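Spelled out, the chains give:
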Amino acid sequence: MRDLLIILFSAIMLSACTQKDDSFAPPFDPAENKPGGDTTVSIKPFASFEHPAANLPQSLRPDFHAGKALANQPWVKAPTVTTMRDGLGPLYNSRTCLMCHIKGGKGFVPENGEIPMLSSLVRLSIPATNSPEHQAMLQHHGVIPHPIYGDQVQGQSTSLAHQLRHSQKDNDQLKHDIAPEAYVFIDWQFSEFVYPDGHKVRLRKPQLHFENLGYGELGENTLTSLRLAPPIHGMGLIELIPQAEITALADENDLNQDGISGRVNHIWDNETEQTVAGRFGWKANKPSVKVQTAAAFNGDVGISTTLFPGQPCSAQQTACLKAPTGNDVQNVELADDLLDLVVNFNRNLAPVERRNTNHPDVIKGRNYFYQAGCQHCHNPGFTTQSSEQNPHLGNQKIWPYSDFLIHDMGPDLADNRPDFTASGSEWRTAPLWGIGIQEQVNGSKALLHDGRAQTIEEAILWHGGEAAAVKATFISFEQAKRDALIQFVESL
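Residues numbered from 1 in each chain as written. Predicted model: local features only at pLDDT ≥ 70, side-chain atom pairs only at ≥ 80, totals over all residues. Heavy atoms only, no water.

1. Some points on unusual backbone geometry
Lysine 44 connects to proline 45 through a cis peptide bond whose omega is 5°. In this structure, proline 45 sits in the loop between helix H1 (2-22) and helix H2 (61-72). Cis peptide bonds are those with omega within 30 degrees of zero, and the linkage from alanine 78 to proline 79 qualifies with -5°. If you trace the backbone, proline 79 turns up in the loop between H2 and strand E1 (91-92). One non-glycine residue, lysine 103, lies in the positive phi region at around 55°. (Helix = DSSP H or I, 4+ residues; strand = E, 2+ residues; numbered from the N terminus.)

Pasting the structure below:
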């Protein structure tokens, strides 16, 4: 009898230990069902990232919708009889903000041979030298822009001639007009990944080539990087995360020896004119919603603001420089009060509620997410600081699933294009909130900075560098575990 009791006691203890050892995730906080805290909105009646924060005061809603209208309006070529929306280009990528961020969601990347890029673009730069000119430019711009084409390819212009492509007659006309900078094509290169259990996944990566270069060859030393328009919900909440909370997650020298060494990208703030920590953009190269929005107006639409007053033309693009502007109040095309409307529209775009959090596979998948170590970069939650300007966004417990640090993601994802202190293989951890309804929002399946991944599984398999061990654990899981982990991510 005594031996039987010992056996039973040992079995109970073994079971308890096994249960403990198999539980990698902390207890689930029901508050996580509302990733944006009190700002969170429902996906009903339809999925969108363009809804205002649920707790946005009624007094601020007219300004929200005015900002949305400005973000949605198509800009036109200057001069026109309307002074409120002229000044497009002369070189540009899109006529409106929300043409890239359709319904507030991610952009699209073209398939093989398709143009134009309406919600993705190509960044450009050249390697820096030790010259004082280059070093000063790095401090304030982060990169050395291409001497002719600047820091991004603008594939459209306000000239009519560019709409008629590929004939010698048209090319001759373009010599006397404002030529678009280039037409960029993607050749997707495919490969196959095979799991230890034999399951196969097809992966793709982009190979860029340029046609109809309007201002001469790019040059062999030009650095290029395909970029996808990111989703824009929750930006005001991200802006209110205390920098100390983000910095506390950094481990630049990997002192805890877990292989993860995220760090802050130190960047120039055009508004405060000082070096600060970055947290927006694919490489965390923008400091605030205002600077991010103004930079997009300038680079993508060709609209000047007091933060970015110049036109998107280099010294060699003489026809572009001579083109009429839509400058009006403050000698820019978008005055500060109008810019602020668009900025606050962006700040108040709400995260959406989570789904299926009680599903058994989602519960298991959450545990596998922590077992693999995904949370070391995709940090689940923060609490926003108080805000006098936007008190409804302050003191919110939010769950973006990002640490907003830059991490070395290895050579497969590297664009080899440094940006401020971020290296050519470092990227900001992308927030995961809303990823599960991305396709429902606007049809985009594109993931990662260049849209190469079309599923969460593909995105995981592209991880490397600091995430190599995490990916290896994911690969070692049996398929049921992998599928459950993916279901958990889709619930975010």
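From this point, things continue past the structure.
2. Thoughts on the side chain of threonine 384
You can see threonine 384 is positioned in the loop between strand E9 (382-383) and strand E10 (397-398). A relative accessible area of 3% means that threonine 384 is categorised as buried. Within the structure, the side chain of threonine 384 is placed 2.8 Å from the backbone oxygen of leucine 393, a separation counted as a polar contact. A distance of 2.8 Å separates a polar atom in the side chain of threonine 384 from the backbone nitrogen of glutamine 396. (Buried < 20%, exposed > 50% of the residue type's maximum accessible area, 1.4 Å probe, protein only. Polar contact = N/O pair within 3.5 Å; in protein donor to acceptor, adjacent residues only side chain to side chain.)

3. Focus on the nonpolar core
Formed by 60 residues in total, the largest nonpolar core has its most connected members in Val122, Phe369, Leu485 and Val489. Those elements giving two or more residues to this core turn out to be strand E2 (120-125), strand E4 (183-194), strand E5 (200-211), strand E6 (223-228), helix H10 (360-372), helix H12 (456-462), helix H13 (468-476) and helix H14 (479-490). (Core = buried A, V, L, I, M, F, W, Y, C linked by side-chain atoms within 4.5 Å.)

4. Describing the state of the cysteines
Enumeration according to the criterion identifies 1 disulfide in this entry. Disulfide partner of cysteine 313: cysteine 320, at an S-S distance of 1.9 Å. Between cysteine 313 and cysteine 320, the disulfide has an S-S torsion of -55° and is therefore left-handed. No disulfide involves cysteine 97; its nearest neighbouring cysteine sulfur is the one of cysteine 100, lying 8.0 Å away. (Disulfide = S-S within 2.5 Å.)

5. Some remarks on the packing of aromatic side chains
Tallied over the entire structure, the rule returns 11 aromatic pairs. Taking 6.3 Å as the distance between ring centres and 80° as the angle between the ring planes, the aromatic pair formed by tryptophan 75 and phenylalanine 297 counts as edge-to-face. Note that tryptophan 75 is positioned in the loop between H2 and E1 and phenylalanine 297 in helix H7 (residues 289-301), a separation of 222 residues in sequence. For tryptophan 75, a relative accessible area of 1% gives the class buried. Among the aromatic side chains, those forming a connected cluster through ring pairs are Phe369, Tyr370, Tyr401 and Phe488. We note arginine 202 situated over the ring of phenylalanine 190; from NZ or CZ to the ring centre the distance is 3.9 Å. A cation over an aromatic ring shows up here: arginine 204 above the ring of tryptophan 188, its NZ or CZ 3.7 Å from the ring centre. (Phe/Tyr/Trp six-rings, centres within 6.5 Å; stacked < 30°, edge-to-face > 60°. Lys NZ or Arg CZ within 6 Å of the ring centre and 35° of its normal.)

6. Structural notes on the packing of H7 against helix H9 (residues 336-347)
Between H7 and H9, whose axes approach to 9 Å, the crossing angle comes to 120°. With respect to H9, the axis of H7 lies oblique. Regarding H7 and H9, the two cross each other, and that crossing is right-handed. Across from Val289, Lys290, Thr293, Ala294 and Phe297 in H7, the residues of H9 making contact are Leu339, Asp340, Val342, Val343, Asn346 and Arg347. Broken down by class, the residue content of the contact of H7 with H9 amounts to 6 nonpolar, 2 polar and 3 charged. (Axes fitted to C-alpha atoms, helices over the stretch in contact; angles between N-to-C directions. Parallel < 35°, antiparallel > 145°, perpendicular 65-115°, else oblique. Left-handed = near helix turned anticlockwise from the far one by under 90°. Contact = heavy atoms within 4.5 Å. Nonpolar A, V, L, I, M, F, W, Y, C, P; charged D, E, K, R; others polar.)

7. Quick look at the environment of alanine 469
Mapping alanine 469 onto the fold places it in helix H13. Given the relative accessible area of 52%, alanine 469 is considered exposed. Spatially, the C-alpha atom of alanine 469 lies 7.9 Å from that of glycine 259, the residues being 210 residues apart in sequence.

8. Notes on the pairing of E4
Relative to E5, E4 is paired through 12 bridges, and the arrangement is antiparallel. Among the inter-strand pairings, aspartate 187 is bridged to a residue of E5, identified as glutamine 207. Remark: 5 residues form the turn of the hairpin made by E4 and E5, two consecutive strands paired antiparallel; glycine 198 in that turn has positive phi of roughly 95°. (Pairing = 2+ DSSP bridges.)

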